[in-house]
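# Coordinate analysis (summary)
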Amino acid sequence: MKLIPHEIAAHLGDAIRAAQAAGDLPAFDLPVIDIKPPKHANQGDYAASVALALAKTAGLPPLEIANRILKHFTLPDFIAAAEVAPPGYINLRLDEAWLKTQVEAIIAEGDALFTLEMGKGKRALVEYVSANPTGPITVGRTRGGVIGDSTARVLEAAGYTVEREYYFNNAGRQMRNLGNSLRLRYLQALGREIELPTDDSFYQGEYLIEFAEDLVKERGDALANEDWQPFKEYAEKRMFDWIKTSLARIQVKHDVFFNENSLYETGAIWNVLEELEQRGYVYKAALPENADEQTRAEVGGKGEAVWFRSTQFGDTADRVLVKSSGEPTYTLPDIAYHKNKLDRGYDLCVNCLGSDHLVQAQVVKYGVRALGMDDSRLNVILNQMVKTVRDGKEVRMSTRRGVFDTLDELIDQTSADAVRYLIGSRSPTNHVLFDLDLAVAQTNDNPVYYIQNAHVRCAGIFREAAARGVSDEGADVSLLGADELRFVRKALELGEVIEAAARTLEAHRVAFYALELAQTFHPIYDSVRVLHSEVPPPLQGARLRFYRAAQVVFRRALTLMGMNAPEYM
RNA sequence: GCUCCCAUAGCUCAGCGGAUAGAGCGUCGCCCUCCGGAGGCGAAGGCGCAGGUUCGAUUCCUGCUGGGAGCACCA
């Protein structure tokens, strides 16, 4: 289906060139012509402010420019009228006969409605969640998952071939601590008196008690004399199963689980280090070479480390790549990982991170640039924190201390769809205040019901129509009225929303569109009856056809948000 | 102290340099009860402050105020 604003912009561009050729407008380069729905319905369906923008370059009043453009504007078949409005807008009205044909077009596209050309033949990689398997998915992590998955869905709709990736680290101290913690719980489960550490090295989460009991059931006391390693392996497996299961509940999935360790095994990190060294971005020293006295004092002397000269790219400080112990920091494999991503040839890479990873994300970009690669293909969506509030008070989250709000808990108290919508409809740059009390209360504070109910209402009509033997087969959509067309106009905006969401990587736009679509729908549902006794059969068929199209649009919008399109509620 | 994010209606939030700044909830009033009332219609109510750029600023820039996050040889 066509993206109406693009089509209009092309036609207006032609008109401007024609006006220039005829001498009605002076010569100038064609500007970007922005077409958007006006704020008020009586101003038409789409509006162009191009004449206002051209006033200076053309040296004419905007109103005059608009008139001269329209003089050379031939109406395409889908436009019924174009008129000039002060102070210089060009307002366009869609053709009603054409709009009616779009009902059939929408039904024909079905679940692929508004799959765009913009990403055709392009590959995108979206990375999200990427939590190490040390604990269940928290509400905070959920946000990146929702943003990442929604972004992936939007990019798919925009025509991209999308891969979803999860980057994880199953080595390192935290995993060893996890293994040790499980080992202690295991010994407890065997009935031994165990003194539990009180410091951060011990994971207090109750799930480890459960894991330990299961382990006793499976293996008895066979592991009683083992060190942390088998426990770490067991905990990791259980944790990943749990994480995947939790995410699957809100329809968040991954295609690839990328193990950081593979970058060590293939030697990729050392190749990167060597490359950086050859390019002169690396030095060995006890202290960063270009830091002020205060920083140098803070860093202290722990022996010779390998530094990345990231200040050359505008960083506030150079970063350690290899510790004085000879062990790489997280930064080195992270740079290697993103080099790996770019080497895989994606046209677009998107990384969804919490805002606490801002500095790290920047350093990675500097690293990629230092390798001589184009970092513009790396896009980072930083999301602000989710603050969970209960009883009007903030609930603190800390995986290691065992105090946390898990995604599971949140879903159990609300619903998967509510979690998807409430988190997915927020702009990532804003904090989310997730009120657990409000989410528990199933009132219509929650727009998810309002949107899904539109789909349910459509489904309800078809159930009733089937029972009464009414069909939309061979319906004459030309019988549809102004109310129905108001909805069709709104439905056709979906393509523009997908385009904008994909271009700006702002998937939450879909959520607001879906709400607007529902707001357009419900009043129409109220007045446009199908099976009412006073509705003549031909009109019944046409209206039924209309609701079939409406259902397609709602299902498409809901699916784009990773939500269910229920038949009943 | 430095870096980044945010500030829009009583509350939670949209708003891609353009016309009269939107929605949900809450409040107040009204309607509908033969396809599911988690419904429909209407009202009151707002761009933190001060400059600047622009024909035009909620949007871009600077400063201020007030929130939040990050500033490891952790990951």
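Residues numbered from 1 in each chain as written. Chains lettered and ligands numbered in written order. Predicted model: local features only at pLDDT ≥ 70, side-chain atom pairs only at ≥ 80, totals over all residues. Heavy atoms only, no water.

### Considering the packing of aromatic side chains
Geometry of an aromatic ring pair is reported as the spacing of the ring centres plus the angle between the planes. By the definition in use, this model includes 24 aromatic pairs. Ring geometry for Y167 versus F258: centroids 6.0 Å apart, planes at 45°, classification tilted. Here F258 lies in strand 7 (residues 256–259) and Y167 lies in strand 6 (residues 161–168), a separation of 91 residues in the sequence. We note that Y167, like F258, is buried. In this arrangement the basic side chain of K244 is found over the ring face of F257, its NZ or CZ atom lying 4.5 Å from the centre. One cation-aromatic arrangement involves R529 over Y525; the distance from NZ or CZ to the ring centre is 5.7 Å. (Phe/Tyr/Trp six-rings, centres within 6.5 Å; stacked < 30°, edge-to-face > 60°. Helix = DSSP H or I, 4+ residues; strand = E, 2+ residues; numbered from the N terminus. Buried < 20%, exposed > 50% of the residue type's maximum accessible area, 1.4 Å probe, protein only. Lys NZ or Arg CZ within 6 Å of the ring centre and 35° of its normal.)

### Brief notes about the protein's contact with RNA strand B
What surrounds RNA strand B is a group of 63 residues, the closest being K56, Y89, K323, Q519 and H532. Taking all atoms of RNA strand B within 4 Å of the protein, the share assigned to sugar and phosphate is 68%. Contacts to RNA strand B include H508, whose side-chain N or O atom sits 3.3 Å from a phosphate oxygen. Contact distances for RNA strand B include 3.3 Å between a base nitrogen and a backbone N or O atom of V530. Counted by class, the surface near RNA strand B contains 23 nonpolar, 26 polar and 14 charged residues. (Near = heavy atom within 4 Å. Polar contact = N/O pair within 3.5 Å; in protein donor to acceptor, adjacent residues only side chain to side chain. Nonpolar A, V, L, I, M, F, W, Y, C, P; charged D, E, K, R; others polar.)

### Quick word on the pattern of salt bridges
Summed over the entire model, instances satisfying the criterion amount to 37 salt bridges. Among the salt bridges present, the one from E236 reaches K232, with a minimum N-O distance of 3.2 Å. Pair noted here: E236 and K232 are both in helix 8 (residues 228–249), with a separation of four residues, about one helical turn. Taking the relative accessible area as the measure of exposure, E236 reaches 12% and is therefore buried. A relative accessible area of 14% places K232 in the buried class. The shortest N-O distance in the salt bridge between R249 and D408 comes to 3.1 Å. (Salt bridge = Lys/Arg side-chain N within 4 Å of Asp/Glu carboxyl O.)

### Section: the sheet that holds strand 6
What holds strands together in a sheet is hydrogen bonding between their backbones, with the strands either parallel or antiparallel. What the five strands build is an open sheet, ordered 7-6-5-11-12; its pairing is parallel. This sheet does not close on itself; its edge strands, each paired only once, are strand 7 and strand 12 (378–383). When strand polarity is set aside, the average angle formed by the axes of neighbouring strands in this sheet is 25°. Sitting on the sheet, helix 8 touches strand 6 and strand 7, and the angle it makes with strand 6 is about 145°. (Pairing = 2+ DSSP bridges. Axes fitted to C-alpha atoms, helices over the stretch in contact; angles between N-to-C directions. Contact = heavy atoms within 4.5 Å.)

### A look at the pairing of strand 6
Most of strand 6 is tucked away, with six of its eight residues classed as buried. Pairing geometry for strand 5 (residues 123–127) and strand 6, over five bridges, is parallel. The residue bridging E127 from the neighbouring strand is E165, located in strand 6. Handedness of the β-α-β unit built from strand 5, helix 5 (residues 139–157) and strand 6 comes out right-handed. As defined by bridge partners, strand 6 adjoins strand 7 across four bridges and the pair is classed as parallel. Bridge pairing in strand 7 places Y167 opposite F258. (Right-handed = clockwise from strand over helix to strand, strands pointing away.)

### Some details on the environment of L187
Locating L187 in the fold gives a position in helix 6 (residues 172–189). For the pair formed by L187 and A212, sequence separation is 25 residues and the distance between their alpha carbons is 8.2 Å. Look past the residues within four positions of L187 in its chain and what remains in contact with it is R192, I194 and A224.

### Considering the nonpolar core
Grouped together as the largest cluster of nonpolar side chains are 142 residues, with contacts concentrated most on L155 and Y547. With twelve residues, helix 21 (residues 537–560) is the largest single contributor of residues to this core. Setting aside residues up to four positions removed in sequence, Y547 forms contacts with C458, I461, F462, F521, I524, Y525, V528 and V530. (Core = buried A, V, L, I, M, F, W, Y, C linked by side-chain atoms within 4.5 Å.)

Structural measurements only, silent on function.
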